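Given next are the chains, with one letter for each unit.
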Amino acid sequence: MVSIENLHKAFGKNQVLSGVDLSIKEGGIFAVLGPNGSGKTTMIKSILGMVIPNKGTITIQGHNIKNASNYRQHIDYLPQIANFPSNLKVKELIKMIKDLRGKTTEDERLIQLFKLEPFLDKKLGTLSGGTKQKVNLVLTFMFNSPLVILDEPTSGLDPISLIRLKDLIQAEKAKGKTILITSHIMSFVEEISDEIVFILEGKIYFKGSVSELKTKTNQPDFEHAIASILTENHA
Amino acid sequence: MLKILKYSFYDLMRSRWSYVYFAFYLLLGVVLLFLNNDLSKAVITLMNVIIVLVPLIGTIFGVMYYYNSKEFTELLLAQPIKRSSIFLGQYLGVALSLSMSLILGLGLPFIFYGLFKSTAIWDFSLLLITGTFLTLIFTALAFNIALSNENKIKGFGYAILMWLFLGIIYDGIFLMSLIIFEDYPLDKLSLIGTMLNPIDLSRTLILLKLDISALLGYTGAVFKQFFGTSFGLIISFVMLVLWVVFPLLRILYKAKRKDF
């Protein structure tokens, strides 16, 4: 589905990714973990073509994405911070994205699911962080793309919405989609993901299931396993 | 690209500033025409206003729009749309809505005045064409500056400096150099000097057409002597087109390589 080879990216003198090799097969939920500033978002943005890598190749569904744009038709992306044009109404934004990407009827179901009806005529600038994140989720899930990339999907969500989000992600997985998630909430990651990709200092440090990670680090639970990787490498 | 253009255009059409800009030109046109009663004088006054004001507004709107629509741009970048379409669409959205304010704002009073019956219609059309060119040029330059500067304040500063330089300082330096080097043949220098500044170029272009030798100044006179009126018009038009094309190419080049 996605394969990354020898990906390098530096912002000025700050080397963020230094030789990422990763291949993600089709179907399943993959969690991308790592400390702050380890390059998770940079890697995701490279896959989306928003960040231009210094070196390395990324292929999605067998196509090299360099200088391409149509492959994004097959990706649903949830950005980390929901920065929307503040003078637009929720309804208008949804309509606009539909106009740009193609028809869908999923949006009505999602609006109902996240109880967004009362906000449809409000401007995006006036919404709270959590509500913005819900709008963000609607925009992401309303298209039926085989690859879904979620950057910190849980941020700002209340417990009920979080449960709905988990159900939604599982439902998408059941359709055979590949889902890439970054999160700092370890319980969420442990509950939902099939496989973990751990990035450290711009490289893939670990890739495998949660139980493999526990065996590798000799820790009884997931949270401590992650913590032990971090203390070993930053002590 | 057309969809992006449409959204940027509507976005600007909904903003108050487009109307303020439109109303300003409307007022200017009405005052100059109906209180002055001399069409060719009105055209000259308008020229002086357009040549300074249009670049300033193009610069400020261009920079402002780019920074204000950053979120929108990031949203678009994750969609299956080419980068070139996103940025060209936004650029054209700004440039066309500004040009429309200018053309409608000045055009309406002139139509009511009975422009179509007067002989000044070509002078007036040229004025609007030059104004549109200046809008296209300075919006493109502003987008260039904004693309190269992540920092809003810096971007604004550079943009204003650029306008100040091309609008005012350039002429000063140009004039000084003509005085200092007056013992040397300066025809070529002044020709090149005029071509390298879109504002000077527009001024010369309009004055050539109006054929007011008293206002032509040294450069204009050289221009006229060198190219003759019609050839001079063509050359300056070609230069104006180049002034649009090169900044646009740089926008595309920069946008392709930028990280978001």
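Heads up: the structure comes first, above all this text.
Residues numbered from 1 in each chain as written. Chains lettered and ligands numbered in written order. Predicted model: local features only at pLDDT ≥ 70, side-chain atom pairs only at ≥ 80, totals over all residues. Heavy atoms only, no water.

S.K.: Give a description of helix H5 (residues 83–113) of chain B that names residues and reports values.
M.R.: Residues and elements named next belong to chain B. For H5, with 31 residues, the first-to-last C-alpha span of 45 Å sits near the 45 Å given by 1.5 Å per residue. At Gly 107, H5 shows its largest bend, some 25°, and a proline, Pro 109, comes one to four positions later. Backbone geometry just after H5 places Gly 114 at a positive phi near 95°. (Helix = DSSP H or I, 4+ residues; strand = E, 2+ residues; numbered from the N terminus. Expected span 1.5 Å × (residues − 1). Bend = angle between axes of the 7 residues up to and from the residue.)

S.K.: Tell me about the packing of aromatic side chains, residues and numbers included.
M.R.: Tallied over the full model, the rule gives 14 aromatic pairs over all chains. Taking 6.0 Å as the distance between ring centres and 80° as the angle between the ring planes, the aromatic pair formed by B:Tyr91 and B:Phe143 counts as edge-to-face. Of this pair, B:Tyr91 sits in helix H5 while B:Phe143 sits in helix H6 (residues 121–148), placing them 52 residues apart in sequence. On the basis of relative accessible area, B:Tyr91 is assigned to the buried category, the value being 1%. Residue B:Phe143 is classed as buried on the basis of its relative accessible area of 0%. Here the aromatic rings of B:Phe110 and B:Phe124 are separated by 3.7 Å at their centres, their planes lie at 25°, and the arrangement is stacked. A residue pair is termed long-range when its members are at least 10 positions apart, and B:Phe110 in helix H5 and B:Phe124 in helix H6 qualify at 14 residues. You can call B:Phe124 buried: its relative accessible area is 3%. Residue placement shows A:Arg101 over the ring face of A:Phe143; its charged tip is 4.7 Å from the ring centre. Seen from the ring of A:Tyr205, A:Lys216 lies directly overhead, with NZ or CZ sitting 5.0 Å from the centre. (Phe/Tyr/Trp six-rings, centres within 6.5 Å; stacked < 30°, edge-to-face > 60°. Buried < 20%, exposed > 50% of the residue type's maximum accessible area, 1.4 Å probe, protein only. Lys NZ or Arg CZ within 6 Å of the ring centre and 35° of its normal.)

S.K.: So what's going on with the sheet that holds strand E2 (residues 14–24) of chain A? Which residues, and what values?
M.R.: In sheet architecture, strand pairing relies on hydrogen bonds along the backbone and comes in two forms, parallel and antiparallel. All names here are of chain A. If you walk across this open sheet you meet the 4 strands as E2-E1-E4-E5, and the pairing is antiparallel. Edge positions in the sheet fall to E2 and strand E5 (63–64), since each has one partner strand and no second. Where strand E1 (residues 2–11) and E2 come together, 8 bridges link them in antiparallel fashion. The partner of Leu 7 across the bridge, within E2, is Val 20. Lying over the sheet, helix H1 (residues 40–48) contacts E1, E2 and strand E4 (55–60), oriented at roughly 115° with respect to E1. (Pairing = 2+ DSSP bridges. Contact = heavy atoms within 4.5 Å. Axes fitted to C-alpha atoms, helices over the stretch in contact; angles between N-to-C directions.)

S.K.: Lay out the environment of B:Ile169 in plain terms, naming residues and giving numbers.
M.R.: Looking at the secondary structure, you find B:Ile169 in helix H7 (residues 152–180). We classify B:Ile169 as partly exposed; its relative accessible area is 37%.

S.K.: Any chance you could break down the interface of chain B and chain A for me, citing the residues and the numbers?
M.R.: Of the residues lining the interface, 23 residues belong to chain B; the matching set on chain A comes to 27 residues. Summed over both partners, the interface of chain B with chain A buries about 2,200 Å², with 55% contributed by carbon and sulfur atoms. The largest per-residue losses of area from chain B upon contact with chain A belong to B:Leu75, B:Pro80 and B:Asp259, which jointly make up 26% of the total buried on that side. Between chain B and chain A we count 3 salt bridges in total. The interface formed by chain B and chain A includes 13 residue pairs in polar contact (both at pLDDT 80 or more). (Buried area = accessible area lost by both parts, 1.4 Å probe. Salt bridge = Lys/Arg side-chain N within 4 Å of Asp/Glu carboxyl O. Polar contact = N/O pair within 3.5 Å; in protein donor to acceptor, adjacent residues only side chain to side chain.)

S.K.: Tell me about the nonpolar core, residues and numbers included.
M.R.: Among the nonpolar cores identified, the biggest contains 139 residues, and A:Ile4, A:Met43, A:Leu93, A:Val135, A:Phe141, A:Ile169 and B:Tyr91 are the most heavily contacted of them. The element best represented in this core is H6(B), accounting for 16 residues. Each residue touching B:Tyr91, except ones within four places of it in the same chain, is listed here: B:Leu136, B:Ile137, B:Thr139, B:Ala140, B:Phe143, B:Val244, B:Leu248 and B:Ile251. By size, the runner-up hydrophobic cluster in this structure holds 14 residues, among which are A:Leu33, A:Leu213, A:Ala225 and A:Ile226. (Core = buried A, V, L, I, M, F, W, Y, C linked by side-chain atoms within 4.5 Å.)

S.K.: Quick rundown of the pattern of salt bridges? Include the residues and the values.
M.R.: Applying the stated rule across the entire model yields 18 salt bridges over all chains. A salt bridge links A:Asp99 to B:Lys3; the nearest nitrogen and oxygen atoms lie 3.7 Å apart. Linking A:Asp99 in helix H2 (residues 90–101) with B:Lys3 in helix H1 (residues 2–13), this pair reaches from one chain into another. The partly exposed category is assigned to A:Asp99, whose relative accessible area is 26%. Among the salt bridges present, the one from A:Glu190 reaches A:Lys214, with a minimum N-O distance of 3.6 Å. With A:Glu190 in helix H6 (residues 186–192) and A:Lys214 in helix H7 (residues 210–217), this pair connects stretches of sequence that are 24 residues apart. Classification of A:Glu190 by relative accessible area gives partly exposed; the value is 34%.

S.K.: Can you tell me about the side chain of B:Lys258, naming the residues and giving the values?
M.R.: Assignment of secondary structure puts B:Lys258 in the segment after helix H11 (229–257). In this structure B:Lys258 comes out as buried when scored by relative accessible area, which is 12%. A polar atom in the side chain of B:Lys258 sits 3.3 Å from the backbone oxygen of B:Leu147. Not counting residues within four places of it along the chain, the set of residues in contact with B:Lys258 comprises A:Met50, A:Ile52, B:Tyr66, B:Arg83, B:Leu147 and B:Glu150.

S.K.: How would you summarise the environment of B:Thr73 if you had to cite specific residues and measurements?
M.R.: Residue and element names in this part refer to chain B. Note that Thr 73 resides in helix H4 (residues 70–77). As a C-alpha pair, Thr 73 and Ile 86 span 13 residues in sequence and 7.4 Å in three-dimensional space. Only 2.7 Å separates the side chain of Thr 73 from the backbone oxygen of Ser 69, close enough to count as a polar contact.

S.K.: Pulling in residues and values, what's your account of H1(A)?
M.R.: Residue and element names in this part refer to chain A. Judged by how many residues are buried, H1 sits mostly within the fold: 8 of 9 residues are covered. Within H1, burial applies to Lys 40, Thr 42, Met 43, Ile 44, Lys 45, Ser 46, Ile 47 and Leu 48. After H1 finishes, the residue Gly 49 shows a positive phi value of roughly 80°.

S.K.: How would you sum up the packing of H5(B) against H6(B)? Please name residues and give values.
M.R.: Residues and elements named next belong to chain B. Relative orientation of the contacting elements H5 and H6 amounts to 150°, with a least axis distance of 9 Å. Relative to H6, the element H5 lies roughly antiparallel. Here H5 and H6 pass one another in a crossing that is right-handed. Residues Phe 87, Gln 90, Tyr 91, Val 94, Ala 95, Leu 98, Ser 99, Leu 102, Ile 103, Leu 106, Gly 107 and Phe 110 of H5 touch H6, and the partners they reach there are Phe 124, Leu 128, Gly 131, Thr 132, Thr 135, Leu 136, Ile 137, Thr 139, Ala 140, Phe 143 and Leu 147. Grouping the constituent residues of the contact of H5 with H6 by class yields 16 nonpolar, 7 polar and no charged. (Parallel < 35°, antiparallel > 145°, perpendicular 65-115°, else oblique. Left-handed = near helix turned anticlockwise from the far one by under 90°. Nonpolar A, V, L, I, M, F, W, Y, C, P; charged D, E, K, R; others polar.)

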